[in-house]
Amino acid sequence: MSSDGQASQSPRRGLLLMVVAPSGVGKTSLTRRLIADHPDLHLSLSYTTREPRPGEHDARDYHFVDRSTFDQMVEEDAFLEWAEVYGNRYGSPKAPIMAALERGQSALFDIDDHGAKTIAAQLPEDSVLVYLLPPSLAEMRRRLTARSQDSEDVIRKRISRAKEEVSGWNTFDYVLLNDDFDRAYADLAHIFHAERLKRTRNPWVGDFVGGLLAEEVEG
Ligand code: 5GP
């Protein structure tokens, strides 16, 4: 049995994988595939006050709620973090994330850099921060224009925000360049696999080693 197989059958603590990237870098395709390939990894579904875009569904892409429901949740301290982005509010719900960690399940966060940093500051041992770089800003603009979801004004804001965000690259645990989907995906999956195997996330190791040391063998 592989060491990963051994660990997955024993108590393990989950991790919080924060993948941050400017829009138009291909983050959604990468993270959705990572989730599809790993049954113990779930998307942390954010709440938002923004309107659903065509093709988006409630409880699949976001929990779409009105402003008063969102503000009520803020008051009840139901979010690990929340933020206002381009005039809409977004928040990561606390309860499902804490429950997942305890069960040994991991959560992937599709959130902005401030949100990721806020969560990592609260749960530093559980958090892994990954930043995804675009091959170029010109390519990012091309992808944003091609997907026709945003006005020219929003695209300009996204690019100027991307410049700010990219400048914080050296505060992340890992930085990946998404110039080739398969390679970037393999790198992201390796990060997740290695982080799951960290000693601190596998408390079974202590008992196992205790048992090994108690074995009566010659030598
Ligand atoms: P969009 O409206 O394009 O889905 O998302 C806009 C921005 O909000 C993206 O940068 C996205 O990562 C971020 N975002 C989505 N959910 C959350 C959240 O729960 N918290 C924070 N801080 N940002 C979020």
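Each remark here, short or long, concerns the structure printed above.
Definitions and limits used
Residues numbered from 1 in each chain as written. Predicted model: local features only at pLDDT ≥ 70, side-chain atom pairs only at ≥ 80, totals over all residues. Heavy atoms only, no water. Near = heavy atom within 4 Å. Polar contact = N/O pair within 3.5 Å; in protein donor to acceptor, adjacent residues only side chain to side chain. Nonpolar A, V, L, I, M, F, W, Y, C, P; charged D, E, K, R; others polar. Axes fitted to C-alpha atoms, helices over the stretch in contact; angles between N-to-C directions. Helix = DSSP H or I, 4+ residues; strand = E, 2+ residues; numbered from the N terminus. Parallel < 35°, antiparallel > 145°, perpendicular 65-115°, else oblique. Left-handed = near helix turned anticlockwise from the far one by under 90°. Contact = heavy atoms within 4.5 Å. Buried < 20%, exposed > 50% of the residue type's maximum accessible area, 1.4 Å probe, protein only. Arc of directions from axis to C-beta.

Draft legend 1. Layout of the site of the ligand. Neighbouring residues of the ligand: 16 residues in total, closest Ser46, Arg50, Tyr62, Glu81 and Tyr90. One of the side-chain nitrogen or oxygen atoms of serine 46 is found 2.7 Å away from an oxygen atom of the ligand. Between the ligand and arginine 53 there is a distance of 2.9 Å, counted from an oxygen atom to a side-chain nitrogen or oxygen. Residue composition of the shell around the ligand, by class: five nonpolar, four polar and seven charged.

Draft legend 2. The arrangement of the packing of helix α2 (residues 27-37) against helix α8 (residues 181-196) in detail. Following both chains from N to C, one finds α2 and α8 inclined at 50°, their axes separated by 10 Å at the closest point. The angle between α2 and α8 places the two elements in the oblique class. With respect to the hand of their crossing, α2 and α8 are arranged in right-handed fashion. Contacts from Ser29, Leu30, Arg33, Leu34 and Asp37 of α2 reach α8 at Phe181, Asp182, Ala184, Tyr185, Leu188 and Ala189. Of the residues that constitute the contact of α2 with α8, the class distribution is seven nonpolar, one polar and three charged.

Draft legend 3. Representation of helix α4 (residues 94-103) in the model. Residues of α4 that are buried: Ile97, Ala100 and Leu101. Each buried residue of α4 sits inside an arc of 100° when the element is viewed along its axis, so together they form one side. Turned more than 90 degrees from where α4 packs its buried face, Ala95, Glu102 and Arg103 sit exposed. Of the residues flanking the end of α4, it is glycine 104, one or two places downstream, whose phi is positive at about 90°.

By themselves, these observations are geometric and do not establish any function.
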